[in-house]
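# Structural features, examined
Spelled out, the chains give:
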Number of protein chains: 4
Amino acid sequence: MKMKTIVLNEERNVTLTAYLLEVGGEFTYITKRPAIMIIPGGGYEMCSDREADPVAMPYLKAGYQVFILRYSVKEHKTWPNPLNDYEEAMTLIRKNADEWHIYEDKIAVIGFSAGGHLAGAAATMSKNRPNAAILGYAVLSQDVKFCSITAPDVIPYVDKNTCPCFLFSSRSDNIVPVMNTVKMIEALTEAGISYESHIYAYGIHGFSTNDPSVQSRETVICERVKNWVDDSISWLKDIFGEFGVNGMTKPECEAHVNGDYGEYLSINCTINCLLDSPQAVAMLESTMPETIMNSFQSEDEQSSYYGMMTLVDILGFANTPRNVIDQYNAQLNKIPNKHYIDKKMK
Amino acid sequence: MKMKTIVLNEERNVTLTAYLLEVGGEFTYITKRPAIMIIPGGGYEMCSDREADPVAMPYLKAGYQVFILRYSVKEHKTWPNPLNDYEEAMTLIRKNADEWHIYEDKIAVIGFSAGGHLAGAAATMSKNRPNAAILGYAVLSQDVKFCSITAPDVIPYVDKNTCPCFLFSSRSDNIVPVMNTVKMIEALTEAGISYESHIYAYGIHGFSTNDPSVQSRETVICERVKNWVDDSISWLKDIFGEFGVNGMTKPECEAHVNGDYGEYLSINCTINCLLDSPQAVAMLESTMPETIMNSFQSEDEQSSYYGMMTLVDILGFANTPRNVIDQYNAQLNKIPNKHYIDKKMK
Amino acid sequence: MKMKTIVLNEERNVTLTAYLLEVGGEFTYITKRPAIMIIPGGGYEMCSDREADPVAMPYLKAGYQVFILRYSVKEHKTWPNPLNDYEEAMTLIRKNADEWHIYEDKIAVIGFSAGGHLAGAAATMSKNRPNAAILGYAVLSQDVKFCSITAPDVIPYVDKNTCPCFLFSSRSDNIVPVMNTVKMIEALTEAGISYESHIYAYGIHGFSTNDPSVQSRETVICERVKNWVDDSISWLKDIFGEFGVNGMTKPECEAHVNGDYGEYLSINCTINCLLDSPQAVAMLESTMPETIMNSFQSEDEQSSYYGMMTLVDILGFANTPRNVIDQYNAQLNKIPNKHYIDKKMK
Amino acid sequence: MKMKTIVLNEERNVTLTAYLLEVGGEFTYITKRPAIMIIPGGGYEMCSDREADPVAMPYLKAGYQVFILRYSVKEHKTWPNPLNDYEEAMTLIRKNADEWHIYEDKIAVIGFSAGGHLAGAAATMSKNRPNAAILGYAVLSQDVKFCSITAPDVIPYVDKNTCPCFLFSSRSDNIVPVMNTVKMIEALTEAGISYESHIYAYGIHGFSTNDPSVQSRETVICERVKNWVDDSISWLKDIFGEFGVNGMTKPECEAHVNGDYGEYLSINCTINCLLDSPQAVAMLESTMPETIMNSFQSEDEQSSYYGMMTLVDILGFANTPRNVIDQYNAQLNKIPNKHYIDKKMK
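All of the points below concern the structure found in this document. (Residues numbered from 1 in each chain as written. Chains lettered and ligands numbered in written order. Predicted model: local features only at pLDDT ≥ 70, side-chain atom pairs only at ≥ 80, totals over all residues. Heavy atoms only, no water.)

### Comments concerning the packing of helix α2 (residues 81-95) of chain B against helix α3 (residues 114-125) of chain B
Residues and elements named next belong to chain B. For the pair α2 and α3, interaxial distance at closest approach is 10 Å and the crossing angle is 65 degrees. By the angle between their axes, α2 is roughly perpendicular relative to α3. Here α2 and α3 pass one another in a crossing that is right-handed. The residues of α3 that touch α2, namely those facing Pro82, Leu83 and Tyr86, are Leu118, Ala121, Ala122 and Met125. (Axes fitted to C-alpha atoms, helices over the stretch in contact; angles between N-to-C directions. Helix = DSSP H or I, 4+ residues; strand = E, 2+ residues; numbered from the N terminus. Parallel < 35°, antiparallel > 145°, perpendicular 65-115°, else oblique. Left-handed = near helix turned anticlockwise from the far one by under 90°. Contact = heavy atoms within 4.5 Å.)

### With respect to the interface of chain A and chain B
Across the contact, 45 residues belong to chain A and 45 residues belong to chain B. Summed over both sides, the interface between chain A and chain B buries roughly 3,900 Å², with carbon and sulfur atoms accounting for 55% of that surface. Among the residues of chain A in contact with chain B, Phe146, Arg171 and Arg224 of chain A are the three that bury the most area, contributing 18% of the side total. The tally of links from chain A across to chain B stands at eight salt bridges. A salt bridge links Asp238 of chain B to Arg224 of chain A; the shortest N-O distance between them is 2.9 Å. Summed over the shared surface of chain A and chain B, the result is 23 residue pairs in polar contact (both at pLDDT 80 or more). Put simply, the parts of the chain that give the side of chain A that touches chain B at least two residues each are α4 (179-190), β8 (195-200), α5 (227-240), α9 (301-307) and α10 (311-317) of chain A. (Buried area = accessible area lost by both parts, 1.4 Å probe. Salt bridge = Lys/Arg side-chain N within 4 Å of Asp/Glu carboxyl O. Polar contact = N/O pair within 3.5 Å; in protein donor to acceptor, adjacent residues only side chain to side chain.)

### Concerning the relation of the copies chain A and chain B
Turning chain A through 180 degrees and shifting it by 0.0 Å along the axis lays it on chain B, with an RMSD of 0.1 Å. The operation mapping one copy onto its partner corresponds to a two-fold rotation axis. Ranked by how close their C-alpha atoms come to the rotation axis, the residues of chain A are headed by His198 of chain A, at 2.3 Å. Mapped onto chain B, 100% of the interface residues of chain A are again interface residues, and the two copies thus contact each other with one and the same surface. (Least-squares fit on C-alpha atoms with pLDDT ≥ 70 in both.)

### Structural notes on the packing of aromatic side chains
Under the counting rule described, the total for this entry stands at 47 aromatic pairs over all chains. A ring pair is formed by Phe166 of chain A and Trp235 of chain A, whose centres lie 5.6 Å apart and whose planes are at 50 degrees; its orientation type is tilted. One end of the pair, Phe166 of chain A, is in strand β7 (residues 165-170); the other, Trp235 of chain A, is in helix α5, and 69 residues separate them in sequence. We note that Phe166 of chain A, like Trp235 of chain A, is buried. A centroid spacing of 5.5 Å and a plane angle of 35 degrees characterise the contact between Phe67 of chain B and Trp100 of chain B, whose relative ring orientation is tilted. Here the residue Phe67 of chain B occupies a position in strand β4 (residues 65-70), and Trp100 of chain B occupies one in the loop between α2 and β5 (102-112), the gap between them amounting to 33 residues. Three or more aromatic residues joined by ring pairs form one cluster here, namely Phe112, Tyr137, Phe166, Phe168, Phe207, Trp228 and Trp235 of chain A. (Phe/Tyr/Trp six-rings, centres within 6.5 Å; stacked < 30°, edge-to-face > 60°. Buried < 20%, exposed > 50% of the residue type's maximum accessible area, 1.4 Å probe, protein only.)

### What to know about the pattern of salt bridges
Opposite charge on two side chains allows them to pair when their charged atoms are near. For the structure shown, the criterion picks out 48 salt bridges over all chains. In this structure, the salt-bridge partner of Asp326 of chain B is Arg322 of chain B, at a minimum N-O distance of 3.3 Å. Residue Asp326 of chain B and its partner Arg322 of chain B are both found in helix α11 (residues 322-332); the two are separated by four residues, about one turn of the helix. The exposure class of Arg322 of chain B is exposed, given its relative accessible area of 53%. A salt bridge links Glu218 of chain D to Arg217 of chain D; the shortest N-O distance between them is 3.9 Å. Judged by its relative accessible area of 44%, Arg217 of chain D is partly exposed. Among the charged side chains, a salt-bridge network with shared partners connects Glu196 and Asp238 of chain A together with Arg224 of chain B.

### Some details on the nonpolar core
Formed by 152 residues in total, the largest nonpolar core has its most connected members in Tyr59 of chain A, Tyr59 of chain B, Tyr59 of chain C together with Tyr59 of chain D. Ignoring anything within four residues of it in the chain, the contact list for Tyr59 of chain A reads Ile36, Tyr64, Val66, Ile110, Ile134, Trp228, Ser232, Ile233 and Leu236 of chain A. (Core = buried A, V, L, I, M, F, W, Y, C linked by side-chain atoms within 4.5 Å.)

### Some remarks on the packing of helix α7 (residues 278-287) of chain B against α11 of chain B
Residue and element names in this part refer to chain B. Between α7 and α11, whose axes approach to 10 Å, the crossing angle comes to 155 degrees. As far as their axial angle goes, α11 and α7 are roughly antiparallel. Of the two elements, α7 crosses α11, and the hand of that crossing is right-handed. Contacts between α7 and α11 pair Ala280, Met283, Leu284 and Thr287 from the former with Tyr328, Gln331 and Leu332 from the latter. Its residues assigned to classes, the contact of α7 with α11 comprises five nonpolar, two polar and no charged. (Nonpolar A, V, L, I, M, F, W, Y, C, P; charged D, E, K, R; others polar.)

So far we have only geometry, and geometry alone does not tell us how the molecule works.
Below is the structure:
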């Protein structure tokens, strides 16, 4: 492993510390690695060491290149300084992706508390977006004003361009109320973004990895809290794929929960999305029973429920044979999707 | 183990199957056991076997007495038939608590999908409340109308009398949208109720325990899904306590996240709760710095943030010595709490 | 689930309790299940309830049909009474395999302490062998004489017909010394039998599942002890295969660690085994470099090391191309193996 | 974290790489840390990168100072070069214990394959002993001759001064036969040393942490193999204690399984050990029933079984009241033990 610290902004004391693992050699089938940028918390008054190195280790064990961003705090915390620090760091990482043996489309951020605010801002409003975000007991609502009056709340910025998120927090957090997490997942749900969320029954704010070398054993904290570490690695595997002899495997989990933002339409699009395309409507009308099409297009409550379901779900309920489903898909795959989000452009 | 099936309502085909473990004998220190009532799903059209016996086993392993409720479905599903079935079952269990060696204040329900709706109704609107509820990919919103037009949505009934809840579901559930879980935890947060919540990244509706003998391995489903089983047992231990040589140990997690509903006031009450008691206000005014009391009582945003924090949190931020904190608590413990909820009455 | 208790021998108070899960119905792809027979411990003076029902539950959760054998103890313990009880029970289970929906070649035994002695006897000297054996802090050596003077020690009976074993015990066991487990795995190693073994650092004898409802939390016992339960289920999956939509999947782990007992020779046979077949020797001599063949057949220490290695290992060290390895295998597959063990005959 | 590489022997290319975590600061209650020295494998021909950095990470996460020893291989492998490298490294670490914030009596080694041979040699024959040893698919028998003809086999050196060991390997290892592990735990059992051992059912040699970034997912390897990592950390906690606000907690597991090597006699001594002290014999004779003393001192098989049991075990079987047991202990605690091993001297 190589370790280096890069000064991003001397005046504001902003640094990026890199832990870079080897590729090739005995790691025969590894030519590149995914990466993660750690953004420690500290109420925009400090960057906590408890949420820096101890967090780096499990991702290094999992084979990730790891970066720790120490961003603008205290007198330098005025927005958008911290977000600019993030942008600069992410731009640097992607620019050096080849040299540092990194997949530039498999870079996650993980932030805690106020650092979770910055990670959330990166996920929703940055120019140089991460590909996944892990938000630990993060400040995501107006509550951020209590530590930085100039910082914006993140939740209103959630939209279809937000990256997949993994959120964890404690129900009994007395510093950053759990409602920050709850409202964030509500926004992600509405925007159709993939996410995973774990809210543990009790435990104080700022538990980090909950290893006894980081969080005192004498603290009352629920024993499941520590599970977020391995669970987040397992989730990243679902989002980025896993190391395999022919490069990373295909991810199990898409960034969006349905096909509404793919390049072409598909059976994984919602009925609402399909109804928005005259070509798709024409195709469906020529093959679907008229009663079904009517119920899709009516304005009652049941049809609004259908609207959010995908075509493949509905075909499944109707026990449609696999080959017929495949025919639907083949036809839809010819129709360009006007809602397409090109992830590579981000 | 003894096994028996009791017919609760012959006409509506309602039964309660009991799996009763022994006490005493070689289980020297066990005189009673906590219990759990399983409420399988099935869209109020059936009671699924996949969410009955396979769910019973892990709780039996953990030492719980287990009951499976097969409630009114199909032509008998009209509300409140299913809720009445639950009431009858719970009344019967509590009535036989001594004979069946059950702690009558340590009885949980676990429900799945439509059964999760019934478990949620039990937790929020029944006369004979459970002491904890586990809600698996549960229908909790107006979405229930799609399987039973007469059934009420559960979420509006959440209040300070709701029992602690453990919720789990899949982000990509295409039958019962994850928003059911999200809105439920939002309501629980607002009501001050303890809960734990796990939303897994992807997986189809109705995965039950996700054992390969219940849910086909060929299904695409995220590997963390199965964790809810052990996590729910660990959570029940936090809520009910654990088997010990002198009976069940003291629970680690209270039913409410703060002391606002205790018999007497305490440092675990929120500022809002304390301000609601003239005696407490007088006590605080005689000991607290005036500026602090003013900030508690002003109407700006910051004070509303303080209002939801507990006194012990605020004293902690101010690095108040332990003995002073204890003095505050001793004084508050003499003041009866008008919001007191007597759990034994339920 | 159905539950029934069958009296095997009224005079000696021998019973077999069956917990039988359903097949078909909503368990659409399940037509049969593997099974496990639990043999509780108790020093041949009793059959402990602590090692009966609590052990049944995790295997039921995993989808197994479960039987509990209460065998001859106290005045009836004279050997071979207990072994005869086992034989009768296993014969009955295999006879009823169809009616009880059991794969007759996927039936395990699990025994604890003295019950582990009986399970070990079943695995090594019974007529109606189990297909796998789990031996928990089992008495396997001459130590058995201290609880039953007529019972034989198991270890000398280990041979190539012994079924695969999973063993666990505590290093600090003060009743059944850990050497029982150590000597057993030595014998299994020598006999070429597959096994898995977990010896935990400390913990008293007789911890069963180590659930707090079975083993008092107040006992000093290492926290890893409880892992044997899930690990044994994972191991059974490797030995028996897993539930799949087309029946049980192919096992990952063979009963023997090499191919020495297959119907035909293969590259998975040890050099010693191949050298024992004139046809194989002729084949090898015609293709292998002479120096290699000589080193196989010499009598020095290095060749004895080679003798225990398989041909595929040695070809692998020599970086033999895959297609050449496959040719070796194809040729060997034509030669009948005189050491063949027909598992179906057992 | 600081990282430095120290050249121990330039000619033989021996280095010690240190990963040193901070103490104090936000890690308020941490003034020192336990440490672990990693000894990679490679058949004494190389030091494998696959068993270096990837192994460091989990122990760093757990709060350990970590060192990687790259020792004499290839033309420099002649014994005792590698052992001398170890001695020099351990001496350096203990000498710098204060500066590097290390508990000098809480330093473990972990070695793999041939590195496991060196770790085993450190545990049994070095001058500057480790306090615990983790031996991964280690070469411990005469098999070592196949990679280094001058290297001694470790097993004959196991004695009462050997440190506690944690061993893991695969039953189907085709490079280092599992018998290496089996014979080692047999020797540890005979010597009364604490250990833990996990032999997994199948998997190739050299799996390291079995993370997919280290060991290809395409390899057939049993899924339990990866458990050794967390289990070894849990075991080290039992042997060294855990981080607590007042320093490391008291270990749960002693280095010896009984009290035979303590400074004074105790009820945890075996009967054999007590019978070896005339003072203890006199004490026992004055309080024990004569029949019991006789059975201890006779020469039949049963008494040899008693001889290996501890006094507290036997008093426990006889349901001796706690206060009487305490009296025995108090009396024995006054008698110096001639077999005493002063761990601090090592």
